[in-house]
Amino acid sequence: MSHYLYELLGLMAVFSIMIVSPGADFALVVRQSVVHGRRSAIITSFGIGASLLFHISYTVLGLGLIVSKSLYLFSMLKWAGAAYLFYLGVRALRAPAPEAPANIVADQATKQLSALRCFLMGFVTNALNPKAVLFFLSLFSALVSHETPILIQAGYGVVMSTALISWFVAVSIFFTMQSVRDRFVAWGRWFNRVTGFVFIGLGIKLATSQAS
């Protein structure tokens, strides 16, 4: 049992650095927090966590190795992910300026996006990142013994997913604090422009990435 604990601690030590590194997931949760409110951001966070379980599941089953070795599959995933980030960027650029809580009807922001849509936004944004395929494949290959039972590895995935969700829920709560959100709302359309170009920039970065 101590061997499995050491494996988990090793995974979490590396994964914790990845969690706090800004990327498309972080940008999405921040935007959801400011534009659509805490409920939408938290549901989006659960979508991201579910996507992580998806990545770990196929990694444990060995499918990640197939994708990493297939330039065609990697490219398909890469271009789909880049296209989705471009889509999010264009929508952000065309969106109206976020409104202060006092200027909107209660729950109006959350009604604009259903719970399912928020969940899928988080899931798809993370799932279409081919770098996640390589990350989890290399992480598990380096730190998890091939003799570790699949159920134990699945348990690692649940712990990692829980940690990721907890992080983004904390991000959601922070960016929906009235004093913090009001500062972003004060940017008006500049907030949309910044987040829009961030998504487009991340899309370009993903489109030009190479499998390694």
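Coordinates for the structure precede this section.
Thresholds, definitions, all that
Per chain, the residues get numbers from 1 upward, laid out in the order the sequence is written. Only residues with pLDDT of 70 or above have their local features reported here, since the model is predicted, and side-chain atom pairs are shown and tallied only from 80 upward, although totals for entire chains, interfaces and linings are computed over all residues. Here the side-chain values reflect all heavy atoms present in the structure, with hydrogen atoms and water set aside. We define a nonpolar core as any set of buried Ala, Val, Leu, Ile, Met, Phe, Trp, Tyr and Cys residues linked to one another through side-chain atoms lying within 4.5 Å. Buried, partly exposed and exposed residues are distinguished by accessible area as a fraction of the type maximum, computed with a 1.4 Å probe on protein chains only: under 20%, between the cut-offs, and over 50%, respectively. Labels follow the DSSP assignment, with helices taken as runs of H or I lasting at least four residues and strands as runs of E lasting at least two, numbered in each case from the N terminus. In what follows, a contact means two residues having at least one pair of non-hydrogen atoms within 4.5 Å. A helix's residues, less one, multiplied by 1.5 Å, set its expected span. Only residues whose relative accessible area exceeds 30% and that form no salt bridge are eligible for patches; like-charged ones are grouped when within 9 Å, while nonpolar side chains (Val, Leu, Ile, Met, Phe, Trp, Tyr) are grouped when within 5 Å. For the area figures, the Shrake-Rupley method with a 1.4 Å probe applies, and any residue is considered shielded solely by the protein chains shown. Salt bridges are defined as contacts in which a side-chain nitrogen from Lys or Arg sits within 4 Å of a carboxyl oxygen from Asp or Glu. Throughout, the protein atoms alone are placed on a 1 Å grid, and a set of points is a cavity if a 1.4 Å probe fits but cannot get out or a pocket if it is open with protein on both sides within 12 Å along at least five of seven lines; lining residues have an atom within 4 Å of a point. Grid points are joined across faces, edges and corners, and a volume is the space filled by probe spheres set on the points. Throughout, the ten residues Ala, Val, Leu, Ile, Met, Phe, Trp, Tyr, Cys and Pro are labelled nonpolar, Asp, Glu, Lys and Arg are labelled charged, and all others, Gly among them, are labelled polar.

Visitor: So what exactly am I meant to see when it comes to the nonpolar core here?
Guide: One recurring pattern in soluble globular proteins is that nonpolar side chains are buried together. Counting 29 residues, the largest nonpolar core has Phe-15, Phe-136, Phe-140 and Met-160 as the members making the most contacts within it. Listing elements by their share of this core, those giving two or more residues are helix H1 (2–20), helix H2 (24–36), helix H3 (38–61), helix H8 (130–143), helix H9 (150–175) and helix H10 (178–185). A per-element tally of this core places H9 first, with 6 residues. If we ignore the near neighbours within four places in the chain, the residues touching Met-160 are Leu-11, Met-12, Phe-15, Leu-52, Ile-56, Phe-136, Leu-139 and Phe-140. Core analysis: the next-biggest nonpolar cluster, separate from the first, contains 14 residues, Ala-82, Tyr-84, Leu-85 and Met-121 among them.

Visitor: Quick question: what am I supposed to make of H9 here?
Guide: Owing to its 3.6 residues per turn, the α-helix aligns residues three or four sequence positions apart on the same side. With 26 residues, H9 should reach 38 Å at 1.5 Å per residue; the first-to-last C-alpha distance of 37 Å fits that figure. Among the residues of H9, Gln-153, Tyr-156, Gly-157, Met-160, Ser-161, Leu-164, Ile-165, Phe-168, Val-169, Val-171, Ser-172 and Phe-175 are the ones counted as buried. The inward-facing, buried residues of H9 contact H1, H2, H3, H8 and H10.

Visitor: Quick question: what am I supposed to make of H3 here?
Guide: Taking 1.5 Å of rise per residue, the 24 residues of H3 would be expected to cover 34 Å, and the 35 Å separating its terminal C-alpha atoms lies within 8% of that figure. Gly-62 lies just past H3 and shows a positive phi near 90°.

Visitor: Explain a nonpolar patch on the surface here, please?
Guide: Together, Ile-66, Tyr-72, Leu-73 and Met-76 line one region of the surface with nonpolar side chains, adding up to about 430 Å² of accessible area. Among the elements that make up the nonpolar patch, the one with the highest residue count is helix H5 (residues 71–94) (3 residues). Checked against the element boundaries, Met-76 lands in helix H5.

Visitor: Please clarify how the layout of surface pockets should be interpreted in this entry.
Guide: Over the atoms rolls a probe the size of a water molecule, and its path tells where empty space is left. By volume, the largest pocket is sized at about 650 Å³. In terms of lining, the largest pocket is formed by 28 residues, of which the most central are Gly-23, Ala-24, Asp-25, Asn-129 and Lys-131. By residue number, the principal contributor to the lining of the largest pocket is H8, which donates 4 residues. Each residue belonging to the lining of the largest pocket can be placed in one class, and the counts come to 18 nonpolar, 7 polar and 3 charged.

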